[in-house]
Amino acid sequence: MNEIYAKQILTIFANNPFDSFNHKQISSRVGAHDKGGRQLVLETMQELAESKILVEDENARGKYKINPKNINDDLLPKNYLVGTIDMKQTGKAYVIPQDEGREDVLIAPNNTHHALHGDTVKVLMFPKRKMRKPEGQVVEILQRARTRFVGIIQKQDRFAFMVSDNRSMVVDIFIPINELAGAEDGEKVLVEMTDWPERMNNPVGRVLKRLGQPGDNNVEMQSILAEYDFPLDFPEAAEKEAERIKQPTDADYEGRKDFRDITTFTIDPSDAKDFDDALSFRRLKNGNIEVGVHIADVSYYVKPGSAIDREAYERGTSVYLVDRTIPMLPEKLCNGVCSLRPHEDKLCFSVVMEMDNKAVVKKTWMGKSVINSDRRYDYEEAQEIIETNSVKADEQETGNAILELHKLATLLREERYKEGAINFESTEVKFHLDENAKPIGVYIKESKEANWLIEEFMLLANKQVAEHVGMTKKDKSDGAKPKPAKTFVYRVHDEPNPEKLNTFVEFVAKLGFKIKVGSRQALAHSYNSLFETIAGRGEEYMIDNIAIRTMAKAYYSTENIGHYGLGFPFYTHFTSPIRRYPDLMVHRLLDRYLHRGASVSADEYEEYCKHCSVMEKRAADAERASVKYKQAEFLSDKLGQEFPALISGVSKWGIYAEIEGNKCEGMIPIGSLQGDYYMLDEDNYQVIGRRYGKCYKLGDPVTIRVKGVDMMKKLIDFELVDLTNEAPIGKERGASRGRKRDEGALKEGRKASGTKSRGKSSGNKNNGKGKRSSSATKGRKTK
């Protein structure tokens, strides 16, 4: 093969990945004008075809196209990149490169090449234009993020479309009439995408499951689970395995340390059933305190490779929707055999620490145990003991243990912040539901001392376990020759993005606050001091929100980089194996290493960690979706009512506001703000009027009126209320999120219903939907 010609030929094909050329066209482009040169070009192209780098165009004999699957990235490193698609509602997209440091790449709607939101793709880069973002086109879909979608059937005579609930799904799925599985028009379904022919605007799919009528609570919750690809049931094999598991007997206690006579209790939410952690308390003869953190020994019952284990790994975590829990383990385990219910012997994996009265750990023991909890407290009961500093006569042992442990937890918490932990207070939205699961009240759950008590000892146990496995002799500074740490599962949290951090520092400086960034500890102290200073002030909400955005996301990894937010060099998740698969892996690895077992494969466990991190995010998204749905449902009968709110976000599309006290968020379109032309000032988190300079800034208090609610899309529309004359400042949203159909291209020549428009503009997403064609067999590609 002529290497010079080969490189020139590949460059031409790579820059035109959807075009085909014959050898005469290529010869002309590379300057091979004589007979010998053209023959050499032909032979080179044939060799490239034999190597499957080029493929013959099936529609044009003698012409070739590049095969994107066999593009030589070493040959053309600057032309291509691999990344993840972030699809916008207009049909355009951005590709987030896998290589850190590279800018996102803009993909026009006609260059997405059937890619969908979240897909991993290969992109051909276009030549850079001045003052423009990098641009390119998708040439290959390397991996689909998903193939299953939830939506509503729109049925015609001989075909149907599924209109997805997901705002990032910009096309509708064509469903042949024989693939509807009995689904009727307007019914909510789970659909699998089976094909997407090159010349069709729409993917083809089939109905997997009929979910029911939109608006029904059970249907909507199941839709959320299906949308995020969480199974609705356990496989039969896993259920049968669970049924065979029995309550522990004396034979199961052999070799375990017995804590059944030690004062032990649990503290959990009032509606919890899966109690996976307990605390024990004992005053030692030397005056120190023995604190036991006892965690359900799930690994004793769930063996690697079993049907239960395979399903637990796939799920990765339990999912907590507003009105139900989708457990990681079958109910027989999570709410029965493994749950640390009071007055029952239970098998545990324990971290038992001897601590002095200053909360300094003197000794630690880790191993398998058996416990019997004396009392099950909910957080409200434990909080009352702490606040009143009094204990009921019949609960002296457990009540006094709570008070003693509260003192130690307070010291642990103070020491954490002193050592550089950052005090980010998260808020949790909770609902009062009636017997039909309809929300009749929304409130913010407040974290108090009883929550902190449990949190501090869980953090301490997680830290102790991570240090035991991960800390080498060099780390312990005893002068001995260091040994490499064994492979382990860590919970890690990286440093803040420098660019985001600098933006935040500059922003708060404008408000009169100083952030020191000289060291990690100085930054943490500055954060905590800032949060303390702004507590209760008008700018608190704004600064809290922006500060959180500067932070990286925590994830699981075998490569330990420490946990920045907690200020721990070593940290893991050990304390919740009933609901988190990484904790189950940690239990197995810790037991293996306590018995001097060899290290496991880092590469294998890194893949497990990546999967668990993905499932954790997916579960959080599903939980957030259920909250958004219930918030929309809560406001659906309150149209026209006014509420105090805080501006929670700004974009070029509008202002987002959260109602105070329940965090129900809606959007006020920027075009509805009258009296001026408003523009986004992104650096200062505000929109500002061009003529008169009126600002709406993140965190500003406003009064809103509920304008509209779209429960299917989980969208809430607000309008701003002018309290000077009690008139709403605004008008109807002008943009609709319609979908266009090319219904005329059907081979059968039949027309379906015409263009429809549904819904309202969607927060900080773009308005409009991508086009769809009902051309099931030979419609023209127009994307």
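Residues numbered from 1 in each chain as written. Predicted model: local features only at pLDDT ≥ 70, side-chain atom pairs only at ≥ 80, totals over all residues. Heavy atoms only, no water.

Caption draft 1: Geometry of the overall build of the protein chain. For the protein chain, the helix and strand inventory stands at 17 helices and 36 strands. Roughly 37,600 Å² of accessible area belongs to the protein chain as shown, and the carbon and sulfur atoms make up 46% of that amount. (Helix = DSSP H or I, 4+ residues; strand = E, 2+ residues; numbered from the N terminus. Areas by Shrake-Rupley, 256 points an atom, 1.4 Å probe, with all protein chains shown as cover.)

Caption draft 2: Geometry of the sheet that holds strand β29 (residues 678-681). Spatial ordering of the open sheet is given by β29-β30-β31, a layout of three strands whose pairing is antiparallel. Each edge of the sheet is formed by a strand with only one pairing partner; in this case those strands are β29 and β31 (695-697). Strand-to-strand twist of the sheet, defined as the mean angle between neighbouring strand axes without regard to direction, takes the value 20°. Pairing analysis gives three bridges linking strand β30 (residues 686-689) to β31, with the strands arranged antiparallel. (Pairing = 2+ DSSP bridges. Axes fitted to C-alpha atoms, helices over the stretch in contact; angles between N-to-C directions.)

Caption draft 3: Up close: helix α4 (residues 217-227). Among the 11 residues of α4, nine are classified as buried, and the element is accordingly described as predominantly covered. By the burial criterion, the buried members of α4 are N217, V219, E220, M221, S223, I224, L225, A226 and E227. The inward-facing, buried residues of α4 abut β8 (148-155), β11 (188-195), β12 (204-212), β17 (319-320), β18 (325-326) and α17 (602-635). For α4, the N-terminal cap is D216; the gap from its side-chain oxygen to the backbone nitrogen of N218 is 3.1 Å. A positive phi of about 65° marks D229, the residue just after α4. (Buried < 20%, exposed > 50% of the residue type's maximum accessible area, 1.4 Å probe, protein only. Contact = heavy atoms within 4.5 Å. Polar contact = N/O pair within 3.5 Å; in protein donor to acceptor, adjacent residues only side chain to side chain.)

Caption draft 4: Looking closely at the sheet that holds strand β4 (residues 93-97). Taken in spatial order, the five strands line up as β3-β4-β5-β7-β6 and close into a barrel, and their pairing is mixed. The mean inter-strand angle of the sheet, taken between neighbouring strand axes irrespective of direction, is 50°. With two bridges connecting them, strand β5 (residues 105-107) and strand β7 (residues 135-143) associate as parallel partners. For L106, the partnering residue across the bridge sits in β7 and is E135.

Caption draft 5: Layout of the pattern of salt bridges. Tallied over the entire structure, the rule returns 40 salt bridges. For E455, the salt bridge is made with R413, and the minimal N-O distance between the two is 3.6 Å. With E455 in helix α11 (residues 449-470) and R413 in helix α10 (residues 396-418), the pair connects residues that are 42 residues apart, well separated along the chain. On the basis of relative accessibility, which here comes to 35%, the residue E455 falls in the partly exposed class. Accessibility expressed as a relative area gives 12% for R413, which makes it buried. E658 is the salt-bridge partner of K663, the closest N and O atoms lying 3.0 Å from each other. For K663, a relative accessible area of 22% translates into the label partly exposed. Bridged by salt links that share partners, the residues R413, R416, E455 and E456 form one connected network. (Salt bridge = Lys/Arg side-chain N within 4 Å of Asp/Glu carboxyl O.)

Caption draft 6: Inspection of the environment of I152 at higher detail. Within the fold, I152 resides in strand β8. Apart from residues no more than four positions distant in its own chain, I152 is found in contact with F161, M162, V163, G186, E187, K188 and P214.

Caption draft 7: Molecular detail of α17. The end-to-end C-alpha separation of α17 is 49 Å, in line with the 50 Å expected for 34 residues at 1.5 Å each. The residue sitting at the N-terminus of α17 and contributing the capping side-chain oxygen is S601; that oxygen lies 3.5 Å from the backbone nitrogen of D603. (Expected span 1.5 Å × (residues − 1).)

The values reported here are purely geometric and, on their own, carry no functional implication.
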